[in-house]
Amino acid sequence: MARAAPTPGQKLSFIFFVILSSLILYIDITSNNFKSIKNGFKSFKISSSYIAKEISIEPLKSIISLSKSKSQLIEENKDLREALELSYLNNYLISKENIFFKDKEIIKKAHNENNYKFEYDIAYLKSIDPNMYNCCDKHRMFIDIKQNSDNLYVESVVFNTEGLVGQIIGESKFYEVLLLTDISHSLPIKLNSSEFFCNAKGSGRSEYIICTYNPLVWTKEIKENQIFYTSGLGGIYPKDIEVGYVSSIEVVDSTQTNIEIKILANPLNGNIFGVLRY
Amino acid sequence: MISLLKRLFLIIFINFIDLNIALLFSKIFIIIPLTFLAFSYYVYKSDKNISSLEAFSFGFFVDLISDSYFGLNTIIYCLTTYFINQNANSFKLFSYLQICLFFGLSASAYVGFSQLIINLYNFSYVTLLVSSFANIIFCFFIALIASYFPKRISIKL
């Protein structure tokens, strides 16, 4: 369809608007009369874009970042926890304040001579059956030693940030650890005064080992909450490492007394372990 | 009313693209006034004559959203509208090449005029010439797209 050519009236209106525009342009260039309009529009633009962003993009972004940050936080938390456990483990042996060794002088000497002989490798928990640990006799766990050199780890001592956990008894893909509480485990222990020695066997209950002795042979009186240390007699565990404290004493008969010792370390606390080489 | 709003939003959208690509092309001395070309195309494709008031209003609105001097776009928009209205029937006799040349050169005129107003002390003939060339090519490119690609989307203004 053909468009009609502008009438003289329309031409005049175009001329009028061109002159008006020119006037406005001149005024705008030479003065700041339109500044308030421009500033008002700018503020409107900024605030409306802000509101639009808040309504449309921000909720989406927050949902995305929430899902992202959640998994990121979990990952970070895992990493931090691992780093923290490692630092605990690292500090555990070399700290003068720890309870690992009875003789704090060992640490002090090593610290002064800048020579730490307590070498250990880091191991990660691969599997442990908590139900079995809490209910039954067989207390085992499997660990994966990370700084695996050519060392033979069988019979090496395993500890965590709380204390001794057990010893390695088997080596396949992962290392099998016989926990202190396993009924087939036997740990030579002694009192601080070295006047009492006994072999503490695993009780089959979590966190407890039992020391059975003949009171006619060992006349030293044992009290509750007394602390027991490794005696170092078995050749597996180093001497003078704090094991636990007496939680109860049961006199079976005149020739047998059972001491129940609550051990310090719980293998279920933490996933990182140290494997002591000495 | 809806049609007017649609046009305004379209102008805002094109102006937004215009401002964004201006940064990119200014490094190679090219200015492609997308908003102006879009408005010219709207006037060209319109079935009826666009009034001077509408051209003035659109020009004023573009001045406002593009933060340029008030009156700069209104003058050019009014003149372009008048010229297109005047020659609307003649354009039907023109080839695509001639129409593209017309739009390309009018875009160059826009660039020259706006540069005279807003960039007088750094007015560059290189920018003007390169922009003219780029605008003509751009119009050809748009015409080619329109001719050879199927019209799946049609925006009714």
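For the structure itself, look to the data block above.
Being a predicted model, the structure only gives us computed values, none of them experimental. The numbers attached to residues start from 1 for each chain and follow its sequence in the written order. Following the order in which they are written, the chains are lettered starting with A and the ligands numbered starting with 1. The predicted nature of this model means local features are confined to residues of pLDDT at least 70 and side-chain atom pairs, given and counted, to a pLDDT of 80 or more, with totals for whole chains, interfaces and linings taken over all residues. Excluding hydrogens and water, the side-chain values take into account all heavy atoms of the structure.

A. Examining helix α6 (residues 125-148) of chain B more closely. Residue and element names in this part refer to chain B. The helix and strand labels rest on DSSP assignments: H or I over at least four residues marks a helix, E over at least two residues marks a strand, and numbering proceeds from the N terminus. A helix is expected to reach a length of 1.5 Å times the quantity of its residues less one. Taking 1.5 Å of rise per residue, 24 residues should cover 34 Å, and α6 covers 34 Å from first to last C-alpha, within 8% of that figure. Note on exposure labels: buried denotes an accessible area under 20% of the residue type's maximum, exposed denotes more than 50%, and partly exposed covers the range between, all computed with a 1.4 Å probe on protein chains only. Buried within α6 we find T127, S131, S132, A134, N135, I136, C139 and A143. Here the buried face of α6 lies against α2 (34-45) and α5 (96-118). Here a polar contact is taken to be a pair of N or O atoms separated by no more than 3.5 Å, where protein atoms must pair a possible hydrogen donor with a possible acceptor and residues adjacent in sequence count only if both atoms sit in side chains. Capping the start of α6, S124 holds a side-chain oxygen 3.3 Å from the backbone nitrogen of V126, two or three residues further along. Note on contacts: a residue pair is in contact if any heavy atoms of the two residues lie within 4.5 Å.

B. Layout of the packing of α2(B) against α5(B). Residues and elements named next belong to chain B. Angles shown run from 0 to 180 degrees and are taken between the N-to-C directions of axes, each axis being a line fitted to C-alpha atoms and, for helices, limited to the stretch in contact. Two elements in contact, α2 and α5, have axes separated by 10 Å at closest approach and are oriented at 135°. It follows from the interaxial angle that α2 and α5 lie oblique. Note that α2 runs across α5; the crossing there is right-handed. Listed contacts from α5 to F36, L37, S40, Y41 and Y44 of α2 are I99, F103, S106, A107 and Y110. Roughly parallel means an angle under 35 degrees; roughly antiparallel means over 145; roughly perpendicular covers 65 to 115; every other angle is labelled oblique. Definitions for this section: a left-handed crossing has its near helix turned counterclockwise from the far helix by less than a right angle. A right-handed crossing has that turn clockwise.

C. Looking closely at the state of the cysteines. The disulfide definition used here is simple: a pair of cysteine sulfur atoms within 2.5 Å. Tallied over the full model, the rule gives one disulfide over all chains. Disulfide pairing is shown between A:C198 and A:C211; the S-S distance is 1.6 Å. Of the two residues, A:C198 sits in strand β7 (residues 197-202) while A:C211 sits in strand β8 (residues 208-213), which places them 13 residues apart along the sequence. Judged on exposure class, the residue A:C198 and its partner A:C211 are both buried. Take B:C139: it sits in no disulfide, and the sulfur closest to it among the cysteines is that of B:C100, at 5.9 Å.

D. Representation of a nonpolar patch on the surface within the structure. Residue and element names in this part refer to chain B. Patch rule: a residue counts if its relative accessible area is over 30% and it has no salt bridge; like charges are joined within 9 Å, and nonpolar side chains (Val, Leu, Ile, Met, Phe, Trp, Tyr) within 5 Å. Methods summary: accessible areas were calculated by the Shrake-Rupley approach with a probe of 1.4 Å, and residue burial reflects only the protein chains presented. Here, a salt bridge means any Lys or Arg side-chain nitrogen found within 4 Å of an Asp or Glu carboxyl oxygen. Together, M1, L4, L5, F9 and I12 give the surface a local cluster of nonpolar side chains, amounting to about 520 Å² of exposed area. Tracing the backbone shows I12 in helix α1 (residues 2-26). A residue is classified by how much of its surface remains accessible, and I12, at 36% relative accessible area, is partly exposed.

E. How the structure looks around the pairing of strand β2 (residues 140-145) of chain A. All names here are of chain A. Bridge analysis of strand β1 (residues 119-128) against β2 gives five bridges, and the strand direction is antiparallel. By the bridge assignment for β2, L125 is matched with I143. If DSSP finds at least two bridges between two strands, the strands pair. The sheet contact formed by β2 and strand β5 (residues 175-179) spans four bridges and is antiparallel. Bridging across to β5, I143 finds its partner in Y175.

F. How the structure looks around the pattern of salt bridges. All names here are of chain A. Counted under the stated rule, the structure contains eight salt bridges over all chains. A salt bridge links K61 to E58; its shortest N-O distance comes to 4.0 Å. Taken together, the residues span about one helical turn, with K61 and E58 both in helix α2 (residues 35-94) at a distance of three residues. Looking at E58, the relative accessible area reads 27%, which means it is partly exposed. Residue E207 is joined to K262 by a salt bridge in which the shortest nitrogen-to-oxygen separation is 2.8 Å. Residue E207 is located in the loop between β7 and β8, and its partner K262 is located in strand β11 (residues 256-263); the two are separated by 55 residues in the primary sequence.

G. Inspection of the nonpolar core at higher detail. By convention a nonpolar core is built from buried Ala, Val, Leu, Ile, Met, Phe, Trp, Tyr and Cys residues, the set being connected through side-chain atoms within 4.5 Å. B:F39, B:Y77, B:C78 and B:F103 are the most contacted members of the largest nonpolar core, which has 42 residues in total. Filtering out sequence-adjacent residues up to four positions away, B:C78 remains in contact with A:F14, A:F17, A:V18, B:S52, B:A55 and B:F56. Among the nonpolar cores identified, the runner-up in size contains 29 residues, and A:I122, A:Y237, A:I263 and A:L276 belong to it.

H. Structural view of the interface of chain A and chain B. Tallying the contact residues gives 25 residues for chain A and 33 residues for chain B. Taking both partners together, chain A and chain B bury about 2500 Å²; carbon and sulfur atoms supply 66% of that area. Across the chain A-chain B interface, the total number found is zero salt bridges. Joining chain A to chain B, the criterion identifies five residue pairs in polar contact (both at pLDDT 80 or more). Elements with a minimum of two residues in the side of chain A that touches chain B: α1 (8-30) and α2 of chain A. Looking at the side of chain A that touches chain B, the element that brings in the most residues is α1(A), giving 13 residues. Basically, the charged four are Asp, Glu, Lys and Arg, the nonpolar ten are Ala, Val, Leu, Ile, Met, Phe, Trp, Tyr, Cys and Pro, and anything else, Gly included, counts as polar. Across the side of chain A that touches chain B, the residue classes tally to 15 nonpolar, four polar and six charged. Buried area: the accessible surface (1.4 Å probe) lost by two parts on joining, summed over both.

I. Representation of the side chain of B:T74 in the model. With respect to the helices and strands, the residue B:T74 is situated in helix α4 (residues 72-91). Apart from residues lying up to four places away in sequence, B:T74 is in contact with A:S21, B:F56, B:G59, B:F60 and B:D63.

J. Quick look at the packing of aromatic side chains. Aromatic rings from Phe, Tyr and Trp, with only the six-membered ring used for Trp, were paired whenever their centres fell within 6.5 Å, and each pair was classed as stacked if the ring planes differed by under 30 degrees, edge-to-face if by over 60, and tilted otherwise. Under the criterion given, the structure shown has 25 aromatic pairs over all chains. When the centroid spacing of 4.8 Å and the interplanar angle of 20° are considered together, the rings of B:F36 and B:Y110 count as stacked. Here B:F36 is found in helix α2, whereas its partner B:Y110 is found in helix α5, with 74 residues between them in sequence. The pair formed by B:F36 and B:Y110 is uniform in burial state, with each residue classed as buried. An angle of 15° between the planes, with centres 4.6 Å apart, marks the rings of B:F39 and B:Y77 as stacked. Taken together, the residues B:F39 in helix α2 and B:Y77 in helix α4 connect sequence positions 38 residues apart. Accessibility classification places B:F39 together with B:Y77 in one group, the buried group. Chaining the aromatic ring pairs together yields one cluster made of B:Y41, B:Y44, B:F83, B:F91, B:F94, B:F102 and B:F103. Criterion for a charge above a ring: Lys NZ or Arg CZ within 6 Å of the ring centre, and within 35 degrees of the ring normal. Its end group placed over the ring of B:F70, A:K38 keeps NZ or CZ at 5.1 Å from the ring centre. Between A:R205 and the ring centre of A:Y208, over which it is positioned, the NZ or CZ distance is 4.9 Å.

K. Geometry of α1(A). Over its 23 residues, α1(A) extends 33 Å from the first C-alpha to the last, a length consistent with the 33 Å expected when each residue adds 1.5 Å. Buried within α1(A) we find A:F14, A:F17, A:V18, A:S21, A:I24, A:L25 and A:D28.

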